[in-house]
Amino acid sequence: MGNPAVNHTGAAGLTATEHRLANGLRLVLSEDHLTPVAAVCIWYDVGSRHEISGRTGLAHLFEHLMFQGSAQVTGNGHFELVQGAGGSLNGTTSFERTNYFETMPAHQLELALWLEADRMGTLLAALDDESLDNQRDVVKNERRQRYDNVPYGTAFERLIALAYPEGHPYHHTPIGSMTDLDAATLADARAFFRANYAPNNAVLAIVGDIDSQQTLAWADKYFGSIPAHDGKMPLRNAELPDIIGTEIRQVIREDVPARALMAAYRLPEDGTRECDAADLAVTVLGNGMSSRLYNRLVRHDRTAIAADFGVMRLAGTPSLGWMDVKASGGTEVPQIEAAVNEELARFSADGPSAEELERAQAQLEREWLDRFSTVAGRADELCRYAVLFGDPQLAFTAVSRALDITAAEVKAVAAARLRPDNRAVLVYEPTGSPEPAVTGQVDPDGADPDGADPDGAGENSAGEDGTRQ
Amino acid sequence: MTDADVTMDLHPMPAAGQVRDWAFPAPERGGLPTGLPVLRCERPGQQLVAVEICLDAALDAEPDGLDGIATIMVRALAQGTARHSAEEFAAELERCGATLQASADFLGARVSLEVPSSRLHRALGLLTEALAEPAFAATEIERLVRNRLDAIPIELANPGQRAAIQLAHELFPESARMSRPRQGTAETVSRIDAAAVRAFYEAHLRPVTATAVVVGDLSEIDLDAMLSDTLGRWAAESGAPALVPPVTARDDGRVVIVDRPGAVQTQMLIGRLGPDRHDPVWPALVLGTYCLGGTLTSRLDRVLREEKGYTYGVRAGTQVLHSPAPDDGIGEALLAISGSVDTAATRPALDDLRTVIRTLAADGLTDAERDMAVQNLVLVAPLRYETAAPVADTLADQVEQHLPDDFQAQLYGRLGETSTAEATAAVVTAWPEDRMITILVGDAAQIRGPVEDLGIGPVSVVAA
């Protein structure tokens with residue numbers, strides 16, 4: 001065990017109880033009376049991996065439709081009622097699940113349960129072409145804003161498509177393609193709801209300043225009469241060999257401000273010790289300001305502006321290690337790539353030093369403390385472990401497992417996985433000029449990170465999951 | 001609705017339960033013998049402790065021609081000290097599981113530390129080294145300068161950041177620091193060297209004009225002993241706080257297009273100058289701004305997003321830029337409306353946006369809208385301030401803005417006392433239809449003509 005900042009035995013005093021309604025809805029309750037707030041979080045076991053060819057983006061588009069009213073909630077009533085009650089809310093869609101959450105002042109918990117039950121049970125009563133057409137346009141603008149209109153915006157999508165082969169359920173990202181978004185029909189949306197939005201395909205976690213008995217009674221009252229139904233399409237096979245077997249490479253010539261080297265490594269599936277070990281390996285290599293890649297490329301060689309490496313954990317298929325290096329000045333990609341290869345090879349041969357492992361574990365622990373410091377963060381983690389691994393209690397012991405990993409395990413997974421024949425590489429070459437602008441001679445109007453982010457700005461609504469790093 | 005679509009028992013919407021008491025945490029104000037004021041705030045159960053150091057090194061203090069030096073200086077604090085090299089310092093911080101961030105802005109510079117409480121002592125020791133004994137090695141400053149120069153084109157390629165730079169340029173007179181990018185231009189940044197950084201540090205960083213804010217679960221901690229052993233070692237000569245002059249802004253209605261040929265969206269940023277938080281109108285402005293563009297169900301998104309589908313979201317907000325103590329003059333805030341719309345929707349979106357503002361001016365807000373805004377802004381507080389970091393951040397904002405330590409605590413009551421008419425007046429005054437400067441980052445070949453046809457003032461085009 002590492003050198004923990006807090007005592008994680010007994011999950012630092014946190015507990016959760018599990019229940020199941022007759023219709024199959026699983027409930028996870030966790031009391032915490034420090035602050036008068038209560039988080040409600042629902043995970044539906046459906047994500048972009050369940051989509052079929054020609055209908056990519058449907059899970060996420062559907063998530064937007066869940067905010068467009070149900071039998072007893074008109075128009076934007078879901079947003080209005082939650083915000084008017086002092087709550088905050090949103091929904092996100094990832095490869096493996098769709099989640100919805102309301103964090104409420106504790107005295108408004110019952111309202112959130114009523115709202116979630118109404119749309120779980122009766123969404124189709126309100127769903128119409130007008131909502132679909134409107135939210136289709138909103139999602140297309142979301143896609144433009146977050147992916148198509150920003151430099152490197154489609155890098156993640158491209159890497160995913162390289163790392164998971166054609167036809168694989170993870171080959172496309174949750175945002176979907178413009179063509180498929182255009183093609184989605186009301187019939188598709190209705191069928192999607194009927195297939196996936198069933199109480200027996202969901203987990204509801206409620207965390208915070210709650211009375212468990214009362215909360216259970218409310219959950220039963222509002223959700224209990226929603227009929228269970230089975231219509232889910234079987235998941236397509238997502239198995240892949242541990243190693244890609246050969247390096248995949250794509251060079252993009254685009255109007256981007258700097259050269260970039262990105263790579264996706266195939267890593268062990270979430271829920272395994274090997275995945276925790278891979279997370280630590282990648283943290284030592286590329287997370288933070290004392291990582292090996294940062295020290296080498298940004299501090300010493302000064303060939304890169306930034307060097308990041310992180311893990312996107314996936315439970316249903318191999319996880320993805322995503323490296324992102326932006327070149328400094330006129331540095332050419334091969335020079336950076338040679339240094340990266342050298343660092344990864346050295347790490348695979350030697351493993352982390354004791355100090356590096358201690359730092360990586362301290363960082364992962366801090367990130368865990370951060371997620372668990374809010375009732376909403378805890379509710380989301382409980383749902384995650386319940387939906388993806390069948391046991392919400394695993395959320396409380398996740399950090400202990402990461403602290404239990406040894407240097408030998410980190411070295412082993414690095415040697416097995418962080419190899420050139422186990423990666424998809426994406427190289428960006430700017431089209432603007434044959435040579436990137438020489439530093440010191442760039443546009444004199446300068447830049448700053450202003451982005452006018454005034455206070456009072458609320459949620460940007462139903463968004464796609466931050467599955468990116 | 002068809003019966004076939006409702007197969008569950010429907011229940012009436014439940015009523016709210018009893019509101020549970022919550023108040024914005026009151027900090028305890030003290031100080032160290034070196035003159036460093038300390039605000040501390042106990043937040044039971046918050047194992048991640050947040051520390052904010054407010055430094056009197058605002059951008060207006062930067063020497064002529066060295067825009068960006070405040071940012072480089074404050075970042076350089078963590079790039080090596082008398083006891084640790086830059087690499088060792090980063091490693092020691094990460095060994096604590098800590099994060100350290102540094103930034104400089106018009107209100108001052110800020111160093112923010114977050115760390116598990118069991119390692120607070122060690123992390124405060126490192127923070128003290130950074131403040132009291134920075135190395136400012138020439139090689140590290142060169143690296144930061146070069147890194148900054150590399151970052152500039154990347155930021156310029158981001159439509160939101162590009163729009164913000166152009167807006168500052170259009171709003172403020174050239175002589176005002178506010179008219180120029182916060183982190184400098186390639187020209188000014190490339191002039192920065194280690195000697196200049198050290199001179200700026202020595203001129204502006206001193207405990208008496210700084211403030212430390214510590215928030216979290218401090219129950220197991222002897223904070224006084226810890227502070228005297230760490231931040232208490234930071235000493236420097238006394239000095240008076242800097243005074244920043246007031247700023248004026250143009251408000252002749254016009255449009256500037258930053259040309260990005262082929263852009264699939266137009267980034268809109270509309271700006272004006274408004275009052276700071278000292279102004280009695282502030283609570284009304286907060287309410288009115290929320291009703292205009294605070295959320296997805298505010299007036300702008302109700303039309304532009306939820307009716308027309310032109311955008312993923314448009315927001316209105318405020319950002320305080322200058323906030324002297326009341327005896328030292330009047331402050332200012334940037335009022336902004338921002339969002340991205342697909343290129344073809346540029347003209348109709350601007351047209352609808354102005355119709356929303358015109359309708360608001362003509363008919364005012366409704367009581368229901370005002371009530372909902374108050375409910376949201378007041379009742380969301382326990383949630384917004386659940387963890388230590390946002391509490392520390394708000395307390396530090398108050399310090400930087402020369403506001404009383406109970407400003408936020410009092411604001412909730414004042415919001416509740418603000419009438420619909422007052423909120424309407426504040427937001428209508430803030431956004432006169434014909435006195436807004438509009439920045440559009442997008443494809444000029446496609447949007448210039450349609451925007452000119454709108455007749456909302458002269459339209460000019462600049463290169464990206």
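Source: prediction; values computed, not measured.

Analysis parameters
- Residues numbered from 1 in each chain as written.
- Chains lettered and ligands numbered in written order.
- Predicted model: local features only at pLDDT ≥ 70, side-chain atom pairs only at ≥ 80, totals over all residues.
- Helix = DSSP H or I, 4+ residues; strand = E, 2+ residues; numbered from the N terminus.
- Rg over C-alpha atoms; globule rule 2.2 N^0.38 Å.
- Buried ≥ 20, exposed ≤ 12 C-beta atoms within 10 Å, placed from the backbone.
- Contact = placed C-beta atoms within 7 Å.
- Core = buried A, V, L, I, M, F, W, Y, C linked by C-beta atoms within 7 Å.
- Expected span 1.5 Å × (residues − 1).
- Arc of directions from axis to C-beta.
- Pairing = 2+ DSSP bridges.
- Axes fitted to C-alpha atoms, helices over the stretch in contact; angles between N-to-C directions.
- Domains from an automatic or database assignment.
- Nonpolar A, V, L, I, M, F, W, Y, C, P; charged D, E, K, R; others polar.
- Parallel < 35°, antiparallel > 145°, perpendicular 65-115°, else oblique.

Participant: Would you mind showing me how to read the overall build of chain A here?
Facilitator: Secondary structure summary: chain A contains 15 helices and 11 strands in total. Its C-alpha atoms give chain A a radius of gyration of 23 Å, within 12% of the compact-globule value 23 Å for 469 residues. With the C-alpha coordinates of chain A rotated into their principal frame, the extents come out at 65 × 50 × 45 Å. Across the 469 residues in chain A, those meeting the buried criterion constitute 60%. Sequence separation of at least 24 residues holds for 81% of the intrachain contacts in chain A that already meet a minimum separation of 6.

Participant: Please clarify how the overall build of chain B should be interpreted in this entry.
Facilitator: Tallying secondary structure elements over chain B gives 17 helices and 12 strands in all. Against the compact-globule benchmark of 23 Å for 464 residues, chain B has a radius of gyration of 24 Å, which places it among compact chains. Its C-alpha atoms put chain B at 70 × 60 × 50 Å along the principal axes. Across the 464 residues that make up chain B, the buried fraction comes to 56%.

Participant: Can you help me understand the nonpolar core in this one?
Facilitator: One broad trend across soluble globular proteins is that nonpolar side chains are buried collectively. Residue and element names in this part refer to chain A. Counting 297 residues, the largest nonpolar core has L159, A281 and A379 as the members making the most contacts within it. With nine residues, helix α13 (residues 375-389) is the largest single contributor of residues to this core. Sequence-distant contacts of A379, defined by excluding residues within four places in its chain, comprise A39, C41, F101, A205, I206 and V207.

Participant: Just to check I follow, could you spell out helix α11 (residues 333-350) of chain A for this structure?
Facilitator: Residues separated by three or four positions in an α-helix point in the same direction, a consequence of the helix having 3.6 residues per turn. Residue and element names in this part refer to chain A. In this model, α11 (18 residues) spans 26 Å end to end at C-alpha, consistent with the 26 Å of a helix rising 1.5 Å per residue. By the burial criterion, the buried members of α11 are I336, A339, V340, E343, L344 and F347. The buried residues of α11 occupy an angular sector of 130° when projected down its axis, which confines them to one face. With respect to the buried face of α11, the exposed residues turned more than 90 degrees away are P334, A338, E342, R346 and A349. Along its buried surface, α11 packs onto β8 (260-267), α9 (273-286), α10 (292-300), β9 (304-312), β10 (319-327) and α15 (407-417). Phi for G351, located one or two positions after α11, is positive at around 75°.

Participant: What's the story with the sheet that holds β9 of chain A in this structure? I'm lost.
Facilitator: To summarise the sheet geometry, strands pair through backbone hydrogen bonds and adopt either a parallel or an antiparallel arrangement. Residues and elements named next belong to chain A. An order of β7-β11-β8-β10-β9 is seen for the five strands of this open sheet, with the pairing classed as mixed. In this open sheet, the two edge strands, each paired with only one partner strand, are β7 (248-254) and β9. Ignoring which end each strand starts from, the neighbouring axes of this sheet average 10° apart. Along the sheet, α11 makes contact with β8, β9, β10 and β11 (423-430), crossing β10 at roughly 135°.

Participant: Any chance you could explain the domain arrangement of chain B here in plain terms?
Facilitator: Interfaces are often sized by the accessible area lost when the parts come together. All names here are of chain B. Each assigned domain of chain B is listed with its residue range as follows: domain 1 (28-233) and domain 2 (254-463). Using C-alpha coordinates to define each centre, domain 1 is positioned 29 Å away from domain 2. Across the boundary between the two partners, domain 1 contributes 30 residues, which contact 26 residues of domain 2. Those elements giving two or more residues to the side of domain 1 that touches domain 2 turn out to be β2 (37-42), β3 (48-55), β5 (108-116), α5 (159-171) and β6 (211-216). Among the residues making up the side of domain 1 that touches domain 2, the classes are represented as 17 nonpolar, six polar and seven charged.

Participant: Before we go on, may I ask you to explain the sheet that holds strand β5 (residues 98-105) of chain A in this structure?
Facilitator: Residue and element names in this part refer to chain A. Strand order in the open sheet made by the six strands is β1-β2-β6-β3-β5-β4, with mixed pairing throughout. Strands with a single pairing partner mark the edges of an open sheet, and in this sheet they are β1 (17-20) and β4 (88-93). Going from strand to strand, the sheet's axes swing by 15° on average, the running direction of each strand aside. Pairing of β1 with strand β2 (residues 26-31), which is carried by four bridges, proceeds in the antiparallel orientation. Of the residues in β2, the one forming a bridge with T17 is L29.

Participant: In this structure, what is going on with α5 of chain B? I would like to understand it.
Facilitator: Residues and elements named next belong to chain B. With 13 residues, α5 should reach 18 Å at 1.5 Å per residue; the first-to-last C-alpha distance of 18 Å fits that figure. Counting buried residues along α5, 12 of its 13 residues qualify, which places the element largely inside the surrounding structure. Every buried residue belonging to α5 is among P159, G160, Q161, R162, A163, A164, I165, Q166, L167, A168, E170 and L171, and all of these are buried. Tucked into the core, α5 has its buried residues touching α4 (138-156), β7 (254-259), β8 (265-274), β10 (332-342) and β11 (437-442).

Participant: I keep staring at the domain arrangement of chain A and nothing clicks. Help me out?
Facilitator: All names here are of chain A. Each domain of chain A was delimited in the assignment, giving domain 1 (9-223) and domain 2 (248-430). The interface is formed by 34 residues belonging to domain 1 together with 32 residues belonging to domain 2. Elements with a contribution of two residues or more to the side of domain 1 that touches domain 2: β2, β3 (37-44), β5, α5 (155-163) and β6 (202-208). Of the residues contributing to the side of domain 1 that touches domain 2, the split by class is 22 nonpolar, four polar and eight charged.

Participant: Sorry if this is basic, but what is going on with the interface of chain B and chain A here?
Facilitator: On the chain A side, the residues contacting the 95 residues of chain B number 88 residues. Broken down by element, the residue count for the side of chain B that touches chain A peaks at 11 residues, all from α4 of chain B.

Participant: Quick question: what am I supposed to make of the packing of helix α2 (residues 77-84) of chain A against helix α3 (residues 109-122) of chain A here?
Facilitator: When two helices pack together, their arrangement is given by the angle between the helix axes and the distance between those axes. All names here are of chain A. The contact between α2 and α3 brings their axes to 10 Å, and the two run at 170°. Overall, the two elements α2 and α3 adopt an arrangement that is roughly antiparallel. Taking contact as the criterion, the partners of H78, L81 and V82 in α2 are, on α3, L111, A112 and L115. Taken together, the residues that form the contact of α2 with α3 break down as five nonpolar, one polar and no charged.

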